[in-house]
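Now for the letters of each chain:
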Amino acid sequence: QLQLVESGGGLVQPGGSLRLSCAASGFTLDYYAIAWFRQAPGKEREGVSCISGSGGNINFADSAKGRFTISRDNAKNTVYLQMNSLKPEDTAVYYCAADRRPYYSCSLRASIFAYWGQGAQVTVSS
């Protein structure tokens, strides 16, 4: 069974930080492109960040540049999203997604990803 499980969400004040984890089971994340998406109530799903299967290509949404970092720990079969300087507009359910293509690049287009987690709630509020 192929499964992705997000963890690390919660409530944080503006300016604070959270680290989300995406743990894979049933398959190895090596060689898979991994992406983080988020969806706020009443809004479409938005790509946040991605890392290519090769590890050599990383992309961020403009809203995340300079504040978020994506990383991979292959030994733990886990991908992380470190979120700093959080803003109220970052409030959303965050999803991780995986697909074995493309290998040398990554995309923030949700339709290309075959495997999805169930999401983790992130709330930024004072």
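Our subject is the structure that appears above.
Rules of the game
Residues numbered from 1 in each chain as written. Predicted model: local features only at pLDDT ≥ 70, side-chain atom pairs only at ≥ 80, totals over all residues. Heavy atoms only, no water. Disulfide = S-S within 2.5 Å. Helix = DSSP H or I, 4+ residues; strand = E, 2+ residues; numbered from the N terminus. Salt bridge = Lys/Arg side-chain N within 4 Å of Asp/Glu carboxyl O. Buried < 20%, exposed > 50% of the residue type's maximum accessible area, 1.4 Å probe, protein only. Contact = heavy atoms within 4.5 Å. Polar contact = N/O pair within 3.5 Å; in protein donor to acceptor, adjacent residues only side chain to side chain. Phe/Tyr/Trp six-rings, centres within 6.5 Å; stacked < 30°, edge-to-face > 60°. Lys NZ or Arg CZ within 6 Å of the ring centre and 35° of its normal.

Trainee: I'd like a description of the state of the cysteines, backed by residues and values.
Mentor: Here, disulfide denotes a covalent bond that connects the sulfur atoms of two cysteines. Counting across every chain of the model gives two disulfides. One disulfide bridge connects Cys22 with Cys96, the sulfur atoms lying 2.0 Å from each other. Between Cys22 and Cys96, the disulfide has an S-S torsion of 65° and is therefore right-handed. Residue Cys22 is found in strand β3 (residues 18-25), and its partner Cys96 is found in strand β9 (residues 92-99); the two are separated by 74 residues along the sequence.

Trainee: Can you explain the pattern of salt bridges? Please cite residues and give values.
Mentor: If you walk through the whole model with that rule in mind, you get four salt bridges. Across the pair Asp90 and Arg38 runs a salt bridge, and its minimum N-O distance is 2.9 Å. Remark: Arg38 occurs in strand β4 (residues 33-39) and Asp90 occurs in the loop between β8 (78-83) and β9; sequence separation between them is 52 residues. Taking the relative accessible area as the measure of exposure, Arg38 reaches 7% and is therefore buried. In this structure, Asp62 and Lys65 form a salt bridge, with 3.2 Å as the shortest nitrogen-oxygen distance.

Trainee: Describe the environment of Ala97, and please don't skip the residues or the numbers.
Mentor: Relative to the elements of secondary structure, Ala97 occurs in strand β9. Looking at Ala97, the relative accessible area reads 0%, which means it is buried. C-alpha of Ala97 to C-alpha of Val48: the two residues are 49 residues apart in sequence and 11 Å apart in space. What Ala97 contacts, discounting residues up to four positions off in sequence, is Leu4, Ala33, Ile34, Ala35, Phe37, Phe113, Tyr115 and Trp116.

Trainee: Any details on the side chain of Asp90? Residues and values, ideally.
Mentor: Of the residues examined, Asp90 reaches a relative accessible area of 1% and is grouped as buried. A polar contact is formed between the side chain of Asp90 and the side chain of Arg67, at a distance of 2.8 Å. Apart from the residues within four sequence positions on either side, Asp90 is in contact with Arg38, Arg67, Phe68, Ser85, Val122 and Val124.

Trainee: Please give an account of the packing of aromatic side chains that cites residues and values.
Mentor: This model, assessed by the stated rule, comprises eight aromatic pairs. Note on Phe37 and Phe113: the rings are 5.6 Å apart at their centroids and 75° apart in plane angle, and the pair reads as edge-to-face. On the criterion of sequence distance, the pair formed by Phe37 in strand β4 and Phe113 in the loop between β9 and β10 (115-116) is long-range, its members being 76 residues apart. Residue classification places Phe113 among the buried positions, given a relative accessible area of 6%. The ring of Tyr80 has Arg19 lying over it, and the distance from NZ or CZ to the ring centre is 3.8 Å.

Note that every value here comes from positions in space, so none of it alone points to a role or purpose.
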